[in-house]
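These are the residues of each chain, in order.
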Amino acid sequence: MQLTPQQKRHFDTFGFLAFPGLMDDRIADIIAAFEELWSRQGGGHHGQPHDGKRRSCLAPFIDHSERLSTLLDDSRILGIAKDLVGEDFNYMGSDGNFYVGDTGWHSDGWHSTLTHIKIAFYLDPLTRDNGCLRVIPGSHRVGDGYAEHLQRTQGAWDDLFGVPGCDIPAQALETRPGDILVFNHNTKHAAFGGNKRRRMFTMNLCQRFPEAKLQELRDYMAGGARFWVERAYGPAMLATATPARMKHLEQALANDGHLKELSRQAREKMPEPARG
Ligand SMILES: O=C(O)CCC(=O)C(=O)O
């Protein structure tokens, strides 16, 4: 699969793309694998049942399932990735979630050179009123006056604009299972009105780091220690990796030597891995 020039321009300009029905043929199996993975993990966060009060999060996620790991070999995911973050892109992990209620406005980073993208799979039908993802088009553009203003002021919008988060001007990306959403990590996003068990998982991908920026890669990966991860990838992802998949894993694997110690320190400090 290849993106059209219009889709690439849409992503560059607005910071997101929606692909309705793209994964329809796999979605029943994806949902079964998602539920099976959570059951194997005790049903919710850190081995406890999901209580519907707080988000449950498991990171990495697809890496624990042979079936879900094959998403990284799927020609549709590869096509999107190669067009947005290059033939030699890095897979940068995933998270699986039961979201509860609202997610406030934020971006997942503010990257000025290398592009980082998130592919989001929402596994329930979602509308603007029951928790679909909302994005602020154009908010990903580092150096742009509007985007920089949003970046500088995030966290203070209720006071600054006098409206609740759900009334911030944005595009609501309503989805059905089988659709996927792709957005730049810099893009401001949120969700409002979700139920107590909104099922969603992500795949994160980025451009390969140039040799001169490998310390940036290590610093980025250090953020994963709060999930108590000791290696860049989970066991099923590595055990079933073909040579083609390995191309997207090898740079992070070669630079994850610091994670074990950071994860040990996080375990000492935190009673459970982070929820997001
Ligand atoms: O669906 C949501 O509640 C928000 C998703 C999100 O913030 C993310 O994946 O970074």
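It should be noted that the structure appears before, not after, this text.
Residues numbered from 1 in each chain as written. Predicted model: local features only at pLDDT ≥ 70, side-chain atom pairs only at ≥ 80, totals over all residues. Heavy atoms only, no water.

**Here's the deal with the pattern of salt bridges**
The full count for this structure, using the stated rule, is 19 salt bridges. Residue Arg67 pairs with Asp29 through a salt bridge whose shortest N-O separation is 2.5 Å. One end of the pair, Arg67, is in helix H3 (residues 66–69); the other, Asp29, is in helix H2 (residues 27–40), and 38 residues separate them in sequence. Judged by relative accessible area, Arg67 falls into the partly exposed class, the value being 34%. Judged by its relative accessible area of 33%, Asp29 is partly exposed. In this structure, Glu35 and Arg197 form a salt bridge, with 2.9 Å as the shortest nitrogen-oxygen distance. Separated by 162 residues along the polypeptide, Glu35 in helix H2 and Arg197 in the loop between strand S9 (189–191) and strand S10 (198–206) bring together distant segments of the chain. Look at the salt bridges and you will find they share partners, linking Asp25, Arg26, Asp74 and Arg76 into a network. (Salt bridge = Lys/Arg side-chain N within 4 Å of Asp/Glu carboxyl O. Helix = DSSP H or I, 4+ residues; strand = E, 2+ residues; numbered from the N terminus. Buried < 20%, exposed > 50% of the residue type's maximum accessible area, 1.4 Å probe, protein only.)

**Structural notes on the site of the ligand**
Around the ligand, the neighbouring residues are Tyr99, Thr103, His106, Asp108, Lys118, Tyr122, His189, Ala191, Arg198 and Met200. Within the contact set of the ligand, an oxygen atom lies 3.1 Å away from a side-chain nitrogen or oxygen of Asp108. Contacts to the ligand include Lys118, whose side-chain N or O atom sits 2.8 Å from an oxygen atom. Protein coverage of the free-state accessible area of the ligand, which is 290 Å², stands at 97%. For the shell around the ligand, the secondary-structure elements that each account for two or more residues are strand S4 (103–106), strand S5 (116–122), S9 and S10. Grouping the constituent residues of the shell around the ligand by class yields 4 nonpolar, 3 polar and 3 charged. (Near = heavy atom within 4 Å. Polar contact = N/O pair within 3.5 Å; in protein donor to acceptor, adjacent residues only side chain to side chain. Areas by Shrake-Rupley, 256 points an atom, 1.4 Å probe, with all protein chains shown as cover. Nonpolar A, V, L, I, M, F, W, Y, C, P; charged D, E, K, R; others polar.)

**Regarding the packing of aromatic side chains**
Here the structure, examined in full by the defined rule, presents 12 aromatic pairs. Centre to centre, the rings of Phe34 and Phe98 are 5.6 Å apart; their planes meet at 90 degrees, and the pair counts as edge-to-face. With Phe34 in helix H2 and Phe98 in strand S3 (residues 90–99), this residue pair connects regions lying 64 residues apart in the sequence. Among the aromatic residues, those joined into a ring-pair cluster are Phe34, Trp38, Phe61, Phe98, Phe121 and Phe201. (Phe/Tyr/Trp six-rings, centres within 6.5 Å; stacked < 30°, edge-to-face > 60°.)

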